[in-house]
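Results of the structural survey
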Amino acid sequence: MTDHCHEGRTEFNGAPREFENFFEMTEENGLSRIPLGVHFRIDVDAGLELGYEILGKVLNLPW
């Protein structure tokens, strides 16, 4: 899948990003916050775990 969210941005490389799946994209997004000083690794791990738990519950809803 291709992420075009930052396409055209000029303050950094806004080139579209390619990912094999949504999980790969979420993990890269979370890990990118560590060098920025926005989060610690424990924050990223907990956020991913919570997100996957919520995803599991949503996918099990009786649509």
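In case you missed it, the structure is sitting above this.
To keep things clear, this report deals only with the structure shown in the data block. What you see is a predicted model, and the numbers here were worked out from it, not measured in a lab. (Residues numbered from 1 in each chain as written. Predicted model: local features only at pLDDT ≥ 70, side-chain atom pairs only at ≥ 80, totals over all residues. Heavy atoms only, no water.)

Quick word on a negative patch on the surface
Note the threshold: The patches reported here contain residues having more than 30% relative accessible area and no salt bridge. Joining distances are 9 Å for like charges and 5 Å for nonpolar side chains (Val, Leu, Ile, Met, Phe, Trp, Tyr). Accessibility throughout is a Shrake-Rupley quantity obtained with a 1.4 Å probe, and a residue counts as covered only by protein chains that appear here. Any carboxyl oxygen of Asp or Glu within 4 Å of a side-chain nitrogen of Lys or Arg constitutes a salt bridge here. We score Asp and Glu as negative and Lys and Arg as positive, and we do not count His or the chain ends. By convention, the charge on Lys lies at NZ, on Arg at CZ, on Asp at CG and on Glu at CD. Runs of E in the DSSP output that reach at least two residues are strands. Runs of H or I that reach at least four are helices, and both are numbered from the N terminus.
A cluster of acidic residues, E18, E20, E24 and E27, forms a negative patch on the protein surface. Within the secondary structure layout, E24 lies in helix α1 (residues 22-31).

Observations regarding the environment of P16
Stated formally: A simple rule labels every residue: compare its accessible area, found with a 1.4 Å probe on the protein chains alone, to the largest value its type can have, and call it buried under 20%, exposed over 50%, or partly exposed in between. Two residues qualify as a contact provided that any one of their heavy atoms is within 4.5 Å of a heavy atom in the partner residue.
Here P16 lies in the loop between β1 (2-3) and β2 (17-18). According to the relative accessible area criterion, P16 is partly exposed, its value standing at 34%. Sequence separation between P16 and H6 is 10 residues; the distance between their C-alpha atoms is 6.9 Å. Filtering out sequence-adjacent residues up to four positions away, P16 remains in contact with T2, D3, H4 and E7.

Quick look at the side chain of T26
Which entries qualify depends on this criterion: For the purposes of these results, a polar contact is taken to be a pair of N or O atoms within 3.5 Å, where, inside protein, one atom must be able to donate a hydrogen and its partner to accept one; residues adjacent in sequence count only when each atom of the pair is a side-chain atom.
Within the fold, T26 resides in helix α1. A polar contact of 3.3 Å, which involves the side chain of T26, links it to the side chain of Y52.

Thoughts on a nonpolar patch on the surface
Side chains of L50, I54, V58, L61 and W63 sit close together on the surface and give an oily, nonpolar patch of about 560 Å² of accessible area. Considering the arrangement of structural elements, one finds W63 in the segment after α3 (41-59).

A look at the packing of α1 against α3
Put simply, the rule reads: Where helices are involved, their axes are fitted lines through C-alpha atoms of the stretch in contact, as for all axes, and angles between N-to-C directions lie from 0 to 180°. For classification, angles of less than 35 degrees are called roughly parallel, those exceeding 145 degrees roughly antiparallel, those between 65 and 115 degrees roughly perpendicular, and all remaining angles oblique. Helix crossings fall into two classes, left-handed where the near helix is turned counterclockwise from the far one by less than a right angle and right-handed where it is turned clockwise. Ten residues, namely Ala, Val, Leu, Ile, Met, Phe, Trp, Tyr, Cys and Pro, are considered nonpolar, four, namely Asp, Glu, Lys and Arg, are considered charged, and the remaining ones, Gly among them, are considered polar.
Running from N to C, α1 and α3 point in directions that differ by 150°, and their axes come no closer than 9 Å. The angle between α1 and α3 falls in the class roughly antiparallel. Our pair here, α1 against α3, has a crossing hand that is right-handed. Where α1 abuts α3, its residues F23, T26, E27, G30 and L31 lie against R41, V44, L48, Y52 and L55. A class-by-class count of the residues in the contact of α1 with α3 yields six nonpolar, two polar and two charged.

Any functional reading would require information that these geometric values do not contain.
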